[in-house]
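Coordinates in review
What follows is the residue order along each chain.
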Amino acid sequence: MAQGDTNITVVGNIVADPELRFTPSGAPVANFRVASTPRRFNSQTNQWEDGEAMFLTCNVWRQAAENVAESLTKGMRIVVTGRLKARSFQTREGENRTVFEIDVDEVGPSLRYATAQVNRNPREGGQGGNFGGNQGGGQPGGNQGGGNQGGFGGGFGGNQSSGAQSQPANDPWNSAPPAGGFGGDDEPPF
């Protein structure tokens, strides 16, 4: 993030299904609008009352855009964090307008009133490497099948050949190093 960016986190509901588009160079971008409505308890009437809803357009790029378009739908309660941007333009009638949008860094479902199933996508462009995860379904020894899943396996020695505990194949966080160490000599990777 650049110095002077206005960071913002918004919790609200998606008002329409995300729209996935591609730039002329092929980069995916998803746009969606989120409505955040404050609720306050009125002690005089003993009821909850809705405040005025705030609608913000959100823009998310690259792989996250494809994940958003595939995962999120109208009405879902989500948490969005990113950078607040003001964009000015002129209407056909010549009126100057300014709108506020969020350049999304992270987005996910709110688990306050719902549950979610997390499915990790394979990372592109890697045959192992420093950030490779364990793809062997709990098999010790680093990357299996060339899948690059992020985390600390592979190059950081996350899964040791001897004494490694097996982990479930469907655990989306199984690429983290074993508790208590980073690998062979228990030194951090930096």
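All chains use their own residue numbering, which begins from 1 and follows the written sequence. Only residues with pLDDT of 70 or above have their local features reported here, since the model is predicted, and side-chain atom pairs are shown and tallied only from 80 upward, although totals for entire chains, interfaces and linings are computed over all residues. Excluding hydrogens and water, the side-chain values take into account all heavy atoms of the structure.

1. Let's talk about the pattern of salt bridges
Think of a salt bridge as a Lys or Arg side-chain nitrogen and an Asp or Glu carboxyl oxygen that are within 4 Å of each other. This structure, assessed with the given rule, holds six salt bridges. For E101, the salt bridge is made with R87, and the minimal N-O distance between the two is 2.9 Å. One end of the pair, E101, is in strand β8 (residues 96-109); the other, R87, is in strand β7 (residues 77-90), and 14 residues separate them in sequence. Each residue is placed in one exposure class: buried if its accessible area under a 1.4 Å probe, protein chains only, is under 20% of its type's maximum, exposed if it is over 50%, and partly exposed if it falls in between. Here R87 falls in the partly exposed class, since its relative accessible area comes to 41%. Only runs of H or I of at least four residues qualify as helices and only runs of E of at least two qualify as strands under DSSP, and these elements are numbered from the N terminus.

2. Observations regarding the nonpolar core
Grouped together as the largest cluster of nonpolar side chains are 16 residues, with contacts concentrated most on F32, C58, V60, I78, V80, I102 and V104. Sorting the residues of this core by element identifies β1 (6-14), β3 (28-36), β6 (54-61), α1 (62-71), β7 and β8 as the ones contributing at least two each. With near-sequence residues (within four places) excluded, F32 lies in contact with I14, P18, L56, T57, C58, V60, V68, I78, V80, V104 and V107. Residues belong to one nonpolar core when they are buried, are Ala, Val, Leu, Ile, Met, Phe, Trp, Tyr or Cys, and are joined through side-chain atoms within 4.5 Å. When checking whether two residues touch, look at their non-hydrogen atoms; a contact exists if any pair is within 4.5 Å.

3. Quick look at the pairing of β1
Strands were regarded as paired on the criterion that DSSP finds at least two bridges between them. Both β1 and β7 contribute to a ladder of eight bridges, which runs antiparallel. If you follow G12 over to β7, its bridge partner there is I78. Across two bridges, the pairing between β1 and β3 is antiparallel. Opposite I14, over in β3, you have V34 as the bridge partner.

4. A closer look at the environment of I78
Tracing the sequence through the fold places I78 in strand β7. Spatially, the C-alpha atom of I78 lies 8.4 Å from that of L111, the residues being 33 residues apart in sequence. When near neighbours in sequence (up to four residues on either side) are disregarded, I78 contacts V10, V11, G12, I14, F32, V34, L72, V107, G108, P109 and S110.

5. Considering the confidence of the model for the protein
Per-residue confidence from the predictor is given as pLDDT, running between 0 and 100. Looking at the protein as a whole, the pLDDT averages 74, with 64% of positions reaching at least 70. Segment residues 126-165: pLDDT under 50, and 80 contacts once partners within four positions in sequence are set aside and those in other chains are kept. Scored below 50 in pLDDT, residues 180-184 shows 12 contacts in the model against residues more than four places distant or in partner chains.

6. Some remarks on the layout of surface pockets
Put simply, the grid is 1 Å and covers the protein atoms alone, a cavity is a trapped set of points that fit a 1.4 Å probe, a pocket is an open set with protein on both sides within 12 Å along at least five of seven lines, and lining residues have an atom within 4 Å of a point. Grid points are joined across faces, edges and corners, and a volume is the space filled by probe spheres set on the points. In this model, the largest pocket occupies a volume close to 1,100 Å³. The wall of the largest pocket is formed by 33 residues, among which A64, N67, V68, S71 and V107 lie closest to the centre. Gly falls in the polar group here, along with every residue not listed as nonpolar (Ala, Val, Leu, Ile, Met, Phe, Trp, Tyr, Cys, Pro) or charged (Asp, Glu, Lys, Arg). Residues that form the lining of the largest pocket fall into these classes: 14 nonpolar, 10 polar and nine charged. Put simply, the second largest pocket is a space of about 240 Å³. V11, G12, N13, A35, S36, T37, R39, W48, D50, R77, R112 and Y113 are the residues that line the second largest pocket. Of all elements in the fold, only β1, β3 and β5 (47-50) reach the threshold of two or more residues within the lining of the second largest pocket.

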